[in-house]
Each structure stands twice: as C-alpha cells, then as structure tokens.
Amino acid sequence: MIDIHLDKTLQSRGQSADTSLHLHVQTVLKSGDFVALVGPSGAGKTTMLRMLAGLTEPDTGKIVVDGEVWFDAGKKINLAPQHRSIGFVFQDYALFPNLTVRQNVGYALGKREQDWLDDLLGLTGLATLHDRSPATLSGGQKQRVALARAIARKPKLLLLDEPLSALDIDLRVQLQEELARLQSRFGFTTVMVSHDLGEVFKLAQQALRIEHGKIVQTGTPAQVFLSERHAGKLNLQAQVLEIRREEVIYVLSLLIGKDIVDVIASDDEVAGLKPGDLVAISAKAFSPLIFKRALADGGVG
Amino acid sequence: MNLDLSFASTLDWQPLWLTLKLALIATGILLLIGIPLAYWVAYTRTRLKPLVETLVSMPLVLPPSVLGFYLLLAFSPQHAFGQWLEHWLHLRLAFSFPGLVLGSIIFSLPFMVQPLQSGFQNLPVSLIEASRTLGKSDFFTLFRVLLPNMKSALLTGTVLSFAHAIGEFGVILMIGGNIPGVTRVASIAIYDEVESLQYGAANFYALVLFAVSFTILLFVYLMNRRWGRLA
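Not measured: the values here are computed from a predicted model.

**Comments concerning the overall build of chain B**
For chain B, the helix and strand inventory stands at 11 helices and zero strands. In chain B, the succession of α and β elements from N to C terminus is α-α-α-α-α-α-α-α-α-α-α. The dimensions of chain B, computed from C-alpha atoms along their principal axes, are 65 × 50 × 30 Å. For chain B, with 231 residues in total, the buried portion stands at 44%. Counted over contacts in chain B with a minimum sequence separation of 6, partners at least 24 positions apart contribute 74%. Counting every atom, chain B has about 12,500 Å² of accessible surface; 69% of that belongs to carbon and sulfur. Put simply, chain B has 13 plus and 10 minus side-chain charges, and the middle of one group is 20 Å from the middle of the other.

**With respect to the overall build of chain A**
If you tally the helices and strands in chain A, you get eight helices and 15 strands. Taking the principal axes of its C-alpha atoms as reference, chain A extends roughly 70 × 50 × 40 Å. Across the 301 residues in chain A, those meeting the buried criterion constitute 43%. Long-range pairs, those at least 24 residues apart, make up 62% of the contacts in chain A with a sequence separation of at least 6. Averaging the locations of the 34 positively and 35 negatively charged side chains of chain A gives two centres separated by 6 Å.

**Side note on a nonpolar patch on the surface**
All names here are of chain B. On the surface, Trp40, Leu48, Leu51, Leu55, Met58, Leu60 and Val61 cluster together to form a nonpolar patch covering roughly 700 Å² of accessible area. Top contributing element to the nonpolar patch by residue count: helix α2 (residues 49–61), with five residues. Along the polypeptide, Trp40 turns up in helix α1 (residues 14–43). Judged by relative accessible area, which is 35%, Trp40 ranks as partly exposed.

**Digging into the side chain of Lys8(A)**
All names here are of chain A. Position of Lys8 among the secondary structure elements: in strand β1 (residues 2–10). At 2.9 Å, the side chain of Lys8 forms a polar contact with the backbone oxygen of Glu57. Discounting residues that sit within four places of it in the chain, Lys8 has contacts with Leu21, His22, Leu23, Met51, Thr56, Glu57, Pro58 and Asp59.

**What about the confidence of the model for chain B?**
Looking at chain B, pLDDT values average 88 and 94% of them are 70 or higher. Across the predicted assembly, pTM comes out at 0.79 and ipTM at 0.81.

The rules behind the values
Residues numbered from 1 in each chain as written. Chains lettered and ligands numbered in written order. Predicted model: local features only at pLDDT ≥ 70, side-chain atom pairs only at ≥ 80, totals over all residues. Heavy atoms only, no water. Helix = DSSP H or I, 4+ residues; strand = E, 2+ residues; numbered from the N terminus. Buried < 20%, exposed > 50% of the residue type's maximum accessible area, 1.4 Å probe, protein only. Contact = heavy atoms within 4.5 Å. Areas by Shrake-Rupley, 256 points an atom, 1.4 Å probe, with all protein chains shown as cover. Lys, Arg positive; Asp, Glu negative; His and termini not counted. Charge placed at Lys NZ, Arg CZ, Asp CG, Glu CD. Patch = residues over 30% accessible without salt bridge, like charges linked within 9 Å, V, L, I, M, F, W, Y side chains within 5 Å. Salt bridge = Lys/Arg side-chain N within 4 Å of Asp/Glu carboxyl O. Polar contact = N/O pair within 3.5 Å; in protein donor to acceptor, adjacent residues only side chain to side chain. pLDDT = per-residue confidence, 0-100.

In structure tokens form, the structure reads like this:
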C-alpha cells in the first residue's frame, strides 16, 4: 500500500502571478500495481513523480510506502532520495556519459552483486552492448539501459517519466512488452507518466487523470478513458499524409498508429487541412470486422 | 637586433625554477579550493551567490597593484592579521615565498573557478538526480560522475591558473619584492634586467615565458578539440 497525500504550490517563474498551480493529490496505490498518470502537460504529473522520489519537496502532506514513512510534513520527516527504495527513469535517460553500459547499470550495485548484474544485462538484452559508451547507443538502447539501471536495486517503487515518448512506434511496442514482462517478474509498484493511450491500456491496471494539479478521474484505464467518449464509436488520432482530389470527392491518406489508411472526405472536411495536420476521426463501431492477427505479422505472439 | 650575449655565461636559472615552483604549488592548492567553491556557486540557491561570484571575480578587473597593496598591508607584522599569523602560525607572509603563493592563489582564483563553475552548470541536473535515486551521496557523484564528465573545464581551469600564476607581476612585486631565490620570479627578473639595461638576460627570460605560455595554451586547445570530437 502506498499512501499519498501531497500539496505543493508551483510558481512558473518570469510570468504573471496567476500562473501558479496548486498541486493537490490524494490517493492510495496498491503494491505491485502498474499505475499510469495521464493528463495534459503542465498538470503536475512530473512534479508528482519527483515528489514521490524525494527530488522535489512538497509543501505539506504525507507519503507512506508499505508502512514506512517517506515524507511527513507534520513530523518533519523527509527521506532523501538515497534512502527511498526507488528507481527513476528520466525523460532524458540521464545516463552517465563517462561510464559503459555495464558500469551504468551496475552503478548502484556492490562487488558481490555482479552475478545479478549479468542476469539483468541478459534480461534486458544489453549483454552484447555491455562495454559500449552511452554516446554510441540508439534511443531504444539508451532507454533500456536507463530502465535496467533503475530496477537494478530491485526498488519498491519504479517511477517512469514518459520513458518511451522519444521512440518510434515499433521500438515503443517492443519496449512496452519488455516493461510489462519486467513488472510482472519483479512485482514492483510502477508509476508512469504517459501521453500514449495505447501504452496506458497495455500496461496499467490503474490510471489517474490529473488536470490543473488535481486528480479528476481514477480507475482502470477503460473506466478513465472510455467514460468520456461516446460509447459505440471508434475514435482515432491520425496524421494527414496526403490530400488528393478524385472526381467529386477527396481522398485523405492518414497515418493511424503505424498503418496508412485512405479515407474519403467531403469538401467541408478537407477545407483548411494540409499534410502534417493532426486530426481525430470517428466511426460507428456497432459492426466492425474483427480478426486475430496472424503470428507472421510479428504481432501478439 | 644586436643583443649583449655576455649574460649567457652567468645565466641565472633560479627565477625560472622559482616561477615554476610558485605556479605548481598555487595551481595545486587552487584545484583543491576551486572544485568545492565552483560546485557550491554552481548549485547554491542562497542570495549570497552574486556576492561570492563578485568577490571571486574581482581580481579580473582590479589592478594587481591594488590587490597587492592591500595584501601587503594585511600581511604586515604591524597589522592585526600579520601579527596573528606570525604569533600563532609563525608565518611571515610579507616578502616571503608563502606570501607569493597566497597572493597568486587569490589573484588566479577566477581563472580556476569560472571554467569549473560553467563546467558544472553545463552538465544536466538529471545526472546528479539520477545518482541520488540510485542511493549515492553527492560526494560520490562528484568524483564518479561530475568531474569525469567535465574534463575540458578541469583542464581549462588548471592550465589558465597555471599560466596566469607564471605571468603574474604586479601582485608579486608589491608583496614579494625582488629577493633573489625567495621572491625573484621570472616576470620580476625581466623587469629588473631591463631596469639595469641587461636586455639579453631580459630577452632570455621573456622568451622562455613566451614559449611556455604558447605551448600550454596550444595544448589546451588541442585537447579540447579532441574531447569535443569524442563527445
């Protein structure tokens, strides 16, 4: 059980006084759960993560993890990050440039834990890269190193700040699966900031939607996301790739996820659109055709 | 150019050795003081920060003779600080080698602290934070992560301080005078030789200082270029 009750007023510097944000978060997380923090940027998600890690001090409140008090403003308890059982994956990965992959992952480990380090490198697919320096790694590889380093000490609480946002979709899917595997194997409680709905559905048991510093919705990802949308409709985010005129209608080539789809559009719909625009498309979903994906597709297997 | 070369037989290497000794000791102590000071200035949030930055940078704009004059007054056994030093530490800083070292340290402080400070500030804050979340103390992080990732700032600070200590003239003349073997460093010797119209000897010292400074700076730029390419 992780009991969280946090208050903090955030001032945005260099702007007028009314840009301050009052963050007020009160919730209980079940140990071993995968929790996603969703909501618009600037709502306080990253700050909440940093307060859990001890990197930002709340104005007032309490954090109790499995009976251990990490923060209690009333009793003036504030454990340093060093004394909290956490792993943190930063948005910029924060790999140590002067250390090899192996030294980065093993940074927090003692000499006696080298066997575990070998296991971990194998488990995260880093064994062959162990003596490379971070500057020579691709984005996905860096992300893996950051993740392996964060779980090396087997923390109670794994905190992920938009860990996959900088990666392309294929790599993302691959790392999401890896993350799910590690989570179920080690059973740490994970809190992840994410903007990617697919990711949240795939990984999280619980989603918290934060807006203007408050938790406005909490529940399973389905409860949080589906309730606000019209039932029985497919809602997709897409990017316009090309607009063609054919006879009396327009054909839009759209990028939806990693698929390209041609749809028919009317004059009104095309007006003002240009390639590169992001659009929402909506379709009735009462009789969709559903097929299980073949394994050869590299899909669910 | 028709220089008198009669000095060559009685060549006095002592000012050069003294200069080298002074620069090495001053630079060594500057590294020990400069790293914690730059770290503090780079990460502190106290309102005193601008004041400390100003004090550290003063030698950049202050005429060396001003600094030397006040140091001389402070070191003088007729004043409280000088008396205290002599009584408790048996240290006489006016017109002595330890006094030169202290003067050089104060005068070269900005050349060490400023590159190190910007070295620290150029590193992403997330490096320290990541190390904290991995259970390591800030002291451990400094030596294992921060310093190894700012080698070029360390090199620049060290070499500029060293080169500056080699070339310092005004402060040293004020607090050290011109005592052979004690405070007569190369820059003073040049002045002295010119005063007594020994242009050959002056040229010798000047040429050595010129060559040393040129080599040092060239080395810094070559190394920074190499590290820049690696990064």
